[in-house]
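As a plain string of letters, each chain reads:
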Amino acid sequence: MSEKFHFTSVSDECIKCGKCIPVCTIHQVNADEVTSPRGFIDLLGAYQRDELDLDKQAKDIFESCFLCTACTDVCPNDLPTDMVIEEVRADIADKFGIAWFKRVFFTLLRHRWLMDIMMKLGFVFKTCGFKQEPKKSGMVPRFNLPILKADRLLPSLSKTSFLNKYPQEIKTKGTRRVAIFIGCLANYNYTSIGDSLVDVLKELDIDIFIPKKQKCCAAPAYFTGDFYTVEKLAKENIEYFETFIDDVEAIIIPEATCSAMIKHDWEIFFKNRGMTDWEERAKKLNKKIFMATEWLHNETELKELLESRGVNFEESVTYHDACHAKKVQGIGEEPRALLRANYELKEMSDSNRCCGFGGVTMQTEKFHLAQAAGKPKAAMIKESGAQIVSAECSACRMQISNSLHQNEVDVTFKNPVELIAQSLKEGKSN
Ligand code: SF4
Ligand code: SF4
């Protein structure tokens, strides 16, 4: 087992005020003190003091956290519950190992060329990652493989990935230049997000650099405790980013989870392991990492351009605040301001409530919890009366699209960048 992280420094600071409990995603679907931020922290303190064995029951409890960060957002002591759970999951992975289908998935994430081939064959998401109709245990016994619920909506695969579709350099008439980090779901599944971002940047006359050797941000591995994969991917990406960072104004990312991982979690990861050199290198890059709508809103005249096109769509939009956008990076007003130029926005009752994605384990072995957390989100989207739900996060897209499907809510999901590109296109043709 790895040396224990300093969990007691967090557990000693918990004043048991309970402010985190009403907002906790797992507590909302499993109202038990044990599965609450305060409960997790208490157990971690006991684990540090050798009063708690990291047995199967403890594993089950720590794997039920959605890592949504809702608790950290309200905690008066700023306790990083999500981060300490990520740390204990590495101990869990050390002790119990990582399920073979996740190991296969993380191996693919570490080797883009292999992922490209597998995605071309079109079966990674269908055979390795997700559940079918749950048996008693929720797994296919012989292969220890989670199987897919028959009516589950999964993202389809694109024939050509975003990174393979475009040249490395896209020139415009302008003098500004940005790089795009695309994220795996937008690279292989929701490729219209990248297409839209390219279209928007071209309209703004901003040159585009598409770094072809970019790798996964490592978020899926981080949330699962596979720290070997996290270290490898973060280091390789940092080394690569450093080769071009001085030649671009920014690296823009139309994905909240990837952006939060690169901007915040790489640094924390290296800090927690005492790798100060890498921590500093990650920190230095951070200054140029932005979510796409954040950068487009704050650094360009896009809003004015959208307003000048004079398009007013009949369809209305309700905006979901992805946890990794709003709670981790404070981004929420920027995409709304851009969308308001051409769409009516209808706020849902609690846009900040987690959609229930929760990561690879939640989407496989604990999918019943993801489904339970997704139901109220689908209901509030329906109640908003909007025809489109938008969030700058493909993990939310996957979870919300499925929740809408399973709860028979007829609302379409779009990334805000897709909606913005559509506005520009429509305005041009008018
Ligand atoms: S990260 Fe989310 S699910 Fe986990 S303890 Fe905090 S509020 Fe609850
Ligand atoms: S809000 Fe923070 S201090 Fe209060 S119980 Fe939750 S974790 Fe502890």
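Residues numbered from 1 in each chain as written. Chains lettered and ligands numbered in written order. Predicted model: local features only at pLDDT ≥ 70, side-chain atom pairs only at ≥ 80, totals over all residues.

### A look at the overall build of the chain
Across its full length, the chain holds 24 helices and eleven strands. Over its C-alpha trace the chain gives a radius of gyration of 21 Å, about what one expects of a compact globule, namely 22 Å for 430 residues. When burial is assessed residue by residue, the chain has 50% of its 430 residues classed as buried. Long-range pairs, those at least 24 residues apart, make up 78% of the contacts in the chain between residues at least 6 apart in sequence. (Helix = DSSP H or I, 4+ residues; strand = E, 2+ residues; numbered from the N terminus. Rg over C-alpha atoms; globule rule 2.2 N^0.38 Å. Buried ≥ 20, exposed ≤ 12 C-beta atoms within 10 Å, placed from the backbone. Contact = placed C-beta atoms within 7 Å.)

### Here we look at the domain arrangement of the chain
Segmenting the chain into domains produces domain 1 (7-96), domain 2 (100-146), domain 3 (162-296) and domain 4 (308-429). Between the C-alpha centres of domain 1 and domain 3 the distance comes to 30 Å. Taken together, the contact between domain 1 and domain 3 spans eight residues of the former and eight residues of the latter. Residues that form the side of domain 1 that touches domain 3 fall into these classes: five nonpolar, no polar and three charged. (Domains from an automatic or database assignment. Nonpolar A, V, L, I, M, F, W, Y, C, P; charged D, E, K, R; others polar.)

### Notes on helix α14 (residues 227-244)
For α14, with 18 residues, the first-to-last C-alpha span of 26 Å sits near the 26 Å given by 1.5 Å per residue. Turning to α14, its buried residues are F227, T229, V230, L233, A234, N237 and F241. The arc that holds the buried residues of α14, viewed along the axis, is 140°, so those residues lie on one side. Exposed side chains of α14 directed beyond 90 degrees from the buried face belong to E239, E242 and T243. Summarising the contacts, the buried residues of α14 are in contact with α6 (81-96), α7 (100-110), α13 (219-224), β6 (251-253), α15 (256-272) and α16 (276-286). (Expected span 1.5 Å × (residues − 1). Arc of directions from axis to C-beta.)

### Focus: helix α22 (residues 367-384)
Taking 1.5 Å of rise per residue, 18 residues should cover 26 Å, and α22 covers 26 Å from first to last C-alpha, within 8% of that figure. By the largest-angle criterion, G374 marks the main kink of α22, which is about 25°, and a proline, P376, follows within four residues. Looking at the packing, one finds that the buried side of α22 touches α2 (25-29), β8 (316-319), α21 (360-363), β10 (388-390) and α23 (394-406). Phi turns positive, to about 80°, at G385, one or two residues after α22. (Bend = angle between axes of the 7 residues up to and from the residue.)

### Regarding the environment of E13
Mapped onto the elements, E13 comes out in the loop between α1 (7-11) and α2. On the basis of neighbour count, E13 is assigned to the exposed category, with 12 C-beta atoms found within 10 Å. For the pair E13 and N77, spaced 64 residues apart in sequence, the C-alpha to C-alpha distance is 7.2 Å.

### Observations concerning the sheet that holds β6
Here five strands make up an open sheet; going across it, the order is β3-β5-β4-β6-β7 and the pairing mixed. Unpaired on one side and paired on the other, β3 (169-170) and β7 (289-291) mark the two borders of the sheet. Sheet topology places strand β4 (residues 176-180) next to β6; two bridges connect them, and they run parallel. Among the inter-strand pairings, I180 is bridged to a residue of β6, identified as I252. Running over the sheet, α15 touches β6 and β7 and is turned about 155° from β7. (Pairing = 2+ DSSP bridges. Axes fitted to C-alpha atoms, helices over the stretch in contact; angles between N-to-C directions.)

### Looking at the nonpolar core
In terms of nonpolar packing, the biggest core is built from 127 residues, with L44, L109, A218, I252 and M261 touching the most fellow members. Discounting residues that sit within four places of it in the chain, M261 has contacts with C217, A218, A219, Y222 and W266. (Core = buried A, V, L, I, M, F, W, Y, C linked by C-beta atoms within 7 Å.)

### Observations regarding the site of ligand 1
In the vicinity of ligand 1 there are 14 residues, among which C24, C65, C68, A70 and C71 approach most closely. Put simply, the parts of the chain that give the shell around ligand 1 at least two residues each are α2, α3 (37-48), α5 (70-74) and α6. Broken down by class, the residue content of the shell around ligand 1 amounts to ten nonpolar, three polar and one charged. (Near = placed C-beta within 6 Å.)

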